[in-house]
2 protein chains.
Amino acid sequence: MEILSRNGSDVTSDVPQRTGNNLDPWYANYAERASGLAASEVRALFAVASRPEVVSLAGGMPFVSALPQELIVSSMERVMRTQGPVALQYGSGQGIPQLREHILDVMALEGIRGSVDNVVTATGSQQALDLVAKLFIDPGDVILAESPSYVGALGVFRSYQASVVHVAMDDDGLIPEALRQTIAHLRGQGRRIKFLYTIPNFHNPAGVTLSASRRPEILEICRENEILVLEDNPYGLLHFDEPAPNALRSLDEDHVIYLGSFSKTLAPGFRVGWALAPHAIREKLILAAESAILSPSSFSQLVVSEYLSTTDWRAQIDTFRGVYRERKDAMIEALGEYLPQLRWTNPNGGFYVWVTMPDVLDSKQMLPRAVKELVAYTPGTAFFADGRGRHAMRLSFCYPTPDAIRVGIRRLATVVNGELDLLDTFAGTGPLQLPPSADFDSAPPSDLK
Amino acid sequence: MEILSRNGSDVTSDVPQRTGNNLDPWYANYAERASGLAASEVRALFAVASRPEVVSLAGGMPFVSALPQELIVSSMERVMRTQGPVALQYGSGQGIPQLREHILDVMALEGIRGSVDNVVTATGSQQALDLVAKLFIDPGDVILAESPSYVGALGVFRSYQASVVHVAMDDDGLIPEALRQTIAHLRGQGRRIKFLYTIPNFHNPAGVTLSASRRPEILEICRENEILVLEDNPYGLLHFDEPAPNALRSLDEDHVIYLGSFSKTLAPGFRVGWALAPHAIREKLILAAESAILSPSSFSQLVVSEYLSTTDWRAQIDTFRGVYRERKDAMIEALGEYLPQLRWTNPNGGFYVWVTMPDVLDSKQMLPRAVKELVAYTPGTAFFADGRGRHAMRLSFCYPTPDAIRVGIRRLATVVNGELDLLDTFAGTGPLQLPPSADFDSAPPSDLK
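Conventions we followed
Residues numbered from 1 in each chain as written. Chains lettered and ligands numbered in written order. Predicted model: local features only at pLDDT ≥ 70, side-chain atom pairs only at ≥ 80, totals over all residues. Heavy atoms only, no water. 1 Å grid on protein atoms, 1.4 Å probe; cavity = no way out; pocket = protein on both sides within 12 Å on 5 of 7 lines; lining within 4 Å. Points joined across faces, edges and corners; volume = space filled by probe spheres on them. Helix = DSSP H or I, 4+ residues; strand = E, 2+ residues; numbered from the N terminus. Nonpolar A, V, L, I, M, F, W, Y, C, P; charged D, E, K, R; others polar. Least-squares fit on C-alpha atoms with pLDDT ≥ 70 in both. Contact = heavy atoms within 4.5 Å. Pairing = 2+ DSSP bridges. Axes fitted to C-alpha atoms, helices over the stretch in contact; angles between N-to-C directions. Parallel < 35°, antiparallel > 145°, perpendicular 65-115°, else oblique. Buried area = accessible area lost by both parts, 1.4 Å probe. Salt bridge = Lys/Arg side-chain N within 4 Å of Asp/Glu carboxyl O. Polar contact = N/O pair within 3.5 Å; in protein donor to acceptor, adjacent residues only side chain to side chain. Domains from an automatic or database assignment. Buried < 20%, exposed > 50% of the residue type's maximum accessible area, 1.4 Å probe, protein only. Arc of directions from axis to C-beta.

Caption draft 1: Geometry of empty space enclosed by the protein. Tallied over the entire structure, the rule returns eight cavities of 30 Å³ or more. What the largest cavity holds in volume is close to 110 Å³. Forming the boundary of the largest cavity are 18 residues, of which A:T123, A:S297, B:T123, B:F270 and B:S297 lie nearest the centre. Sorting the residues of the lining of the largest cavity by element identifies helix 10 (298-310) of chain A together with strand 4 (119-123) and helix 9 (298-310) of chain B as the ones contributing at least two each. Of the residues forming the lining of the largest cavity, the biggest block, three residues, is contributed by strand 4 of chain B. Here the lining of the largest cavity is built from residues that sort into seven nonpolar, nine polar and two charged.

Structure below.
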């Protein structure tokens with residue numbers, strides 16, 4: 001490749017020049033960790049997919065139109081009338097005390113008892129995740145995560161130069177025996193494991209829930225091995241039938257950092273989430289938060305707090321549940337009708353269905369054709385740190401209407417069947433290979449090979 | 001010191017135990033960078049100082065009561081009426097386009113011409129500062145900063161394990177020759193300098209402004225040495241008489257990352273600030289922002305944007321200027337009346353006065369006595385990365401009324417004079433040593449000794 005060096009002479013080299021290149025003169029100045037900040041390969045395609053004629057089953061946007069806006073307007077008016085100067089001012093790095101009280105009420109619905117003193121509010125739970133990662137991850141440290149795992153968490157861990165090792169899951173969530181073996185294997189290699197990152201409820205992207213019986217077992221394994229658990233639970237209250245089992249944090253106060261969010265139960269536009277952490281860690285989290293943003297928005301926090309004080313927010317969550325359940329049913333029904341040859345999870349809550357295709361199909365390669373057919377999804381590779389997921393995709397049912405979902409799945413079927421026909425015609429392959437159920441883990445993680 | 005190890009046996013050791021201690025079982029698990037996250041030594045004292053009977057000249061809280069709250073309420077109502085679902089939803093990691101357009105108008109007042117494409121909004125300019133640091137700082141890298149510098153920036157740099165080297169300033173701001181010498185000295189040692197962090201206007205904490213004639217010279221020195229400039233300008237529009245000279249960014253698009261904020265010209269409670277960066281860097285900044293928080297608050301951004309669209313925000317800034325100028329005058333007058341034996345800067349804008357005391361006084365040691373006398377300030381040591389600043393303090397005039405400022409300075413005089421009397425009586429020292437003008441730089445930086 002040809003690089004124009006800064007002094008103007010032409011040099012030919014595959015090695016980036018220390019003094020920069022013609023595209024970015026600061027190339028040589030970035031921190032090592034900046035190399036982990038890569039734009040998603042499908043980002044450009046998603047820009048196209050956001051056009052209104054495309055049915056996007058790709059994003060994770062909550063359906064905020066189900067929230068009566070007058071509730072927000074009146075909450076905000078009351079905040080400004082009664083606490084205007086507080087709302088407009090800097091606040092504490094830990095967050096507004098009255099909101100942290102309400103957060104305890106929210107967490108109590110999942111069996112969590114905590115102290116307001118150990119709650120730290122943040123600019124969305126994503127920020128809490130980022131701060132925990134900043135606090136714990138040295139380059140090369142291992143983070144354990146489900147297989148697959150949340151793309152935004154993988155990005156955070158990469159940005160602190162962690163090595164993510166996936167642990168197998170099945171329809172009951174993370175598999176305890178797989179966790180035990182993975183830890184033993186890594187310990188045998190002398191690797192340093194910093195924490196287990198897990199989404200126990202209505203998993204993003206897998207759509208499954210960690211069973212009640214596995215929860216104490218997972219905690220026991222982590223305790224034995226002195227591994228911290230980072231429990232990320234944005235969807236826990238959005239169940240369709242049975243509530244999810246109580247949170248991991250409800251079973252262990254000392255080894256679990258719990259992350260919660262108002263993005264799915266109220267609205268993401270406020271960017272209000274939180275961490276509940278063991279006391280010593282919470283102290284450091286506050287310092288990290290102050291360093292990163294001084295304090296979270298008082299304005300947003302007080303509006304959310306006022307909303308929680310003055311409205312029947314539990315009824316509003318019921319409304320959201322009804323909306324999402326109807327959409328999930330539409331998606332599962334349409335998959336059965338149009339794509340019976342695939343496998344998928346059938347979530348009992350949350351936003352996502354994980355679809356497994358025959359091995360001959362590649363979801364990333366197929367995406368441009370899908371967008372051409374006016375439907376978008378997220379390729380499975382986005383949810384693995386090690387290149388797996390090519391034969392899987394995440395479908396989101398949270399944002400499009402049930403009718404749009406049916407149209408989207410029908411379009412997806414056109415693409416999938418077109419691909420299969422093409423392969424059948426030109427390659428003369430044998431019968432399609434499909435796992436007996438949704439496949440989260442189609443090849444051993446590269447770290448464990 | 002006695003540490004109870006995890007297995008319960010008593011061990012006596014000065015070395016932290018690998019497996020944690022009885023105060024924090026996760027002690028051994030934190031990342032190296034977490035050791036840089038230390039609580040301020042005067043934090044506990046500031047909690048006391050926030051009691052209403054104490055006149056606090058310590059904090060940097062803007063006087064938000066000078067902002068008519070109905071402007072915020074009506075902006076917010078219009079936003080929810082016309083763009084409710086956008087305000088409640090996730091947005092782009094770069095920030096809402098219409099707000100970024102307004103930000104160009106704001107920056108134009110300081111001579112900056114930029115593209116909306118190169119503006120990245122953030123959760124306060126503190127977050128933009130954090131993201132730039134994350135992007136550029138490897139452990140051990142050198143950051144150049146004024147002497148003294150903003151305490152919140154020093155905290156960020158420490159959290160990424162940078163080594164801050166201070167560069168001398170005088171009443172005209174950063175001294176070009178000192179910058180040149182410091183760079184040469186560090187280069188001679190083989191140190192890697194990542195950027196110059198500077199607050200050219202109404203400096204926090206020094207209260208001085210970089211003169212117009214020095215600006216191109218500072219930029220030229222940085223260009224010659226391929227050092228990026230990080231220009232932090234939260235106070236630039238809050239001048240009292242003459243406007244500040246045009247921003248450094250107005251003179252050089254390619255070597256300056258500019259940080260701006262609505263915290264002082266509108267209100268900090270929204271947590272809306274921004275960076276204007278060279279194009280290649282701005283791309284990475286967006287990725288870092290998405291990793292840290294997914295997107296800044298749409299709700300906050302739209303309310304600020306609507307406020308800028310529909311009100312005479314320039315007139316509101318004039319109102320703030322009048323408020324702060326009156327308070328600054330009260331402080332300077334009271335210092336002249338009650339503490340003529342000290343030296344201080346006389347800022348032409350912003351929030352802060354830097355006060356230099358005789359060498360025999362120590363501002364950190366004196367603080368508990370000041371709080372007992374019901375006045376608080378920030379000790380000078382907070383603004384140095386190398387232990388200097390013991391004989392200096394930062395006084396803020398932004399928040400208390402002029403009357404409260406006069407009371408506060410009178411109380412401070414009681415403390416200072418009491419200390420001096422005590423020293424005089426018991427130590428029998430010679431005449432007081434005071435520099436001829438405010439002293440920013442009372443000893444050579446330890447890095448350069």
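Resuming the write-up.
Caption draft 2: Examining the relation of the copies chain A and chain B more closely. With an RMSD of 0.0 Å, the fit of chain A onto chain B corresponds to turning through 180 degrees and sliding 0.0 Å along the axis. Here the two chains are linked by the operation of a two-fold rotation axis. Distance from the rotation axis, computed per C-alpha, reaches its smallest value in chain A at A:S300: 3.7 Å. Interface overlap between copies is the fraction of interface residues in one copy that are interface residues in the other; for chain A against chain B it reaches 100%, indicating a shared surface.

Caption draft 3: Structural view of the sheet that holds strand 5 (residues 142-147) of chain B. All names here are of chain B. Strands sit in the order 4-11-10-9-8-5-6-7 across an open sheet of eight strands; the sheet is mixed. Edge positions in the sheet fall to strand 4 and strand 7 (173-174), since each has one partner strand and no second. Most of the contacts of helix 6 (residues 176-188) go to strand 6 (residues 163-170), to which it runs at about 155 degrees, and overall it touches strand 5, strand 6, strand 7 and strand 8 (193-198).

Caption draft 4: Structural context of the sheet that holds strand 13 (residues 352-356) of chain A. Residues and elements named next belong to chain A. What the four strands build is an open sheet, ordered 12-13-16-15; its pairing is antiparallel. Of all the strands in the sheet, the pair left with one neighbour each is strand 12 (343-344) and strand 15 (378-379). In this structure, strand 13 lies alongside strand 16 (residues 392-396), joined through five bridges in antiparallel fashion. Following the sheet pairing, Y352 is matched in strand 16 by S396.

Caption draft 5: Fine view of the packing of helix 9 (residues 279-293) of chain A against helix 4 (residues 124-136) of chain B. Here helix 9 of chain A crosses helix 4 of chain B at 100 degrees, and the two axes come no closer than 6 Å. Comparing the axis directions of helix 9 of chain A and helix 4 of chain B gives the class roughly perpendicular. Residues A:E290, A:S291, A:A292 and A:I293 of helix 9 of chain A touch helix 4 of chain B, and the partners they reach there are B:Q126, B:Q127 and B:D130. Tallied by class, residues from the contact of helix 9 of chain A with helix 4 of chain B come to two nonpolar, three polar and two charged.

Caption draft 6: Summary view of the interface of chain A and chain B. At the junction of the two partners, chain A supplies 83 residues and chain B supplies 83 residues. Of the roughly 7,100 Å² buried between chain A and chain B, counting both surfaces, carbon and sulfur atoms make up 57%. Three residues stand out in chain A for area buried against chain B, namely A:W26, A:L88 and A:Y90, and they jointly supply 11% of the buried area on that side. The residue A:D130 makes a salt bridge to B:K134 at a minimum N-O spacing of 3.5 Å. Our count for the chain A to chain B interface comes out at 38 residue pairs in polar contact (both at pLDDT 80 or more). Of all the secondary-structure elements, those providing two or more residues to the side of chain A that touches chain B are helix 2 (69-88), helix 4 (124-136), helix 5 (151-159), helix 9 and helix 10 of chain A. Partitioned by chemical class, the residues of the side of chain A that touches chain B number 45 nonpolar, 20 polar and 18 charged.

Caption draft 7: Up close: the domain arrangement of chain A. Residues and elements named next belong to chain A. Each domain of chain A was delimited in the assignment, giving domain 1 (41-66 + 315-424) and domain 2 (69-310). Relative to domain 2, the C-alpha centre of domain 1 lies at a distance of 26 Å. Of the residues lining the interface, 26 residues belong to domain 1; the matching set on domain 2 comes to 29 residues. Between domain 1 and domain 2 the total buried area reaches about 2,400 Å² when both faces are included, carbon and sulfur atoms providing 63% of it. Three residues, R321, N348 and F383, lead the burial of domain 1 against domain 2; their summed loss comes to 25% of the area buried on that side. On the surface where domain 1 and domain 2 come into contact, there are one salt bridge. For D241, the salt bridge identified is with R325, shortest N-O distance 2.9 Å. Counting every contact that joins domain 1 to domain 2 gives 14 residue pairs in polar contact (both at pLDDT 80 or more).

Caption draft 8: Fine view of helix 12 (residues 363-372) of chain A. Residues and elements named next belong to chain A. Here helix 12 has its buried residues at S363, M366, L367, A370 and V371. Along the axis of helix 12, the buried residues cluster in a sector spanning 145 degrees; they form a single face. Away from its buried face by more than 90 degrees, helix 12 exposes Q365 and K372. A positive phi of about 70 degrees marks L374, the residue just after helix 12.

Caption draft 9: Looking closely at the pattern of salt bridges. This model, assessed by the stated rule, comprises 39 salt bridges over all chains. The closest approach of N and O atoms between A:R388 and A:D386, which form a salt bridge, is 2.9 Å. Across this residue pair, the class does not change: A:R388 and A:D386 are buried. Across the salt bridge formed by B:D170 and B:R214, the nearest N and O atoms sit 2.8 Å from each other.

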